[in-house]
Amino acid sequence: MQTDEKKLNSTMTNLDINGWSVLFNAPNSIAWIRIILLFISLRYFGKQRYVLFVIYHTISGFLDSFDGILARTFHQQSMVGQFFELILDQYAHFIMYSCIGYLYSSYIVYFYFEIALELWSSTFHLYITSLAKSDQPWLHKTTFLSTTCSLTIYSHPELRLLNWYGPDVFHTLLVIRFILINDYERKLTSKLQRYISMKKVYLIIQYGIYFTGFFALLRTLVTSCFMLNNFYKIAGAT
């Protein structure tokens, strides 16, 4: 493992490497495609073509599973790839939170709070990594908040996929629910009724929202708690 890390670091600092070949290598090309798809999804959202918005946004998120695999397979890890890994998921989340906040204006505060929470968490992480380790003893201090907020269900290995992807499914289902409820011309519902009754569709979506919504709220709760805990530690260290 240490040998691989040394190779990666030496690759990252090798000035003889062609920057274009790294910028558009296999994993980074996937990242560029994801960015394009996210902008296309926004374009369709602006045109109120919400089905296409969901399709392009979902494809972009699905491609996230492949860039890491390609980077490891072809040994094409790079600083650009690390940047994309850090920023792209958050950008996709920001787009989805903003769009759902627009569709469900009564709950806009919650979804924009999610944006703020992710932004604060990533900024805090960047701030901590920029400090020397000798300046971080407060970071590992055990507090009442860190003990109270350690919800084992959130890091449970058997629930890991639900904790990771449950919130994303929750947000997608909310958009699909909005599409079906506001399908006044019944273009989509008439097609679905050929294969399944709309009563069953609404029931499946409703139960899916309840189930995945639990994990979305859990992630919000845990992230908020640890963010507050980090603020408390910083306040005590100054």
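Residues numbered from 1 in each chain as written. Predicted model: local features only at pLDDT ≥ 70, side-chain atom pairs only at ≥ 80, totals over all residues. Heavy atoms only, no water.

As annotated in an unreviewed UniProt entry, the protein carries the name CDP-diacylglycerol--inositol 3-phosphatidyltransferase and comes from Adineta steineri.

Visitor: Looking at this model, I keep getting lost on unusual backbone geometry. Mind explaining?
Guide: Leave glycine aside and you will find that most residues have negative phi; peptide bonds, for their part, are mostly trans. In this structure, glutamine 48 is a non-glycine residue whose phi angle is positive, near 60°. Structurally, glutamine 48 is set in the loop between helix H3 (26–46) and helix H4 (50–73). Taking relative accessible area as the criterion, glutamine 48 reaches 52% and is therefore assigned exposed. (Helix = DSSP H or I, 4+ residues; strand = E, 2+ residues; numbered from the N terminus. Buried < 20%, exposed > 50% of the residue type's maximum accessible area, 1.4 Å probe, protein only.)

Visitor: So what exactly am I meant to see when it comes to the layout of surface pockets here?
Guide: Gaps left between atoms are located by rolling a probe of water-molecule size over the structure's atoms. Approximately 1,600 Å³ is the volume found for the largest pocket. As for the largest pocket, its lining consists of 44 residues, of which Asp64, Glu85, Asp89, Gln90 and His93 are closest to the centre. Those elements that place two or more of their residues in the lining of the largest pocket are H3, H4, helix H5 (79–103), helix H6 (108–130), helix H8 (160–181) and helix H10 (198–237). A per-element tally of the lining of the largest pocket places H5 first, with eleven residues. Among the residues making up the lining of the largest pocket, the classes are represented as 14 nonpolar, 20 polar and ten charged. (1 Å grid on protein atoms, 1.4 Å probe; cavity = no way out; pocket = protein on both sides within 12 Å on 5 of 7 lines; lining within 4 Å. Points joined across faces, edges and corners; volume = space filled by probe spheres on them. Nonpolar A, V, L, I, M, F, W, Y, C, P; charged D, E, K, R; others polar.)

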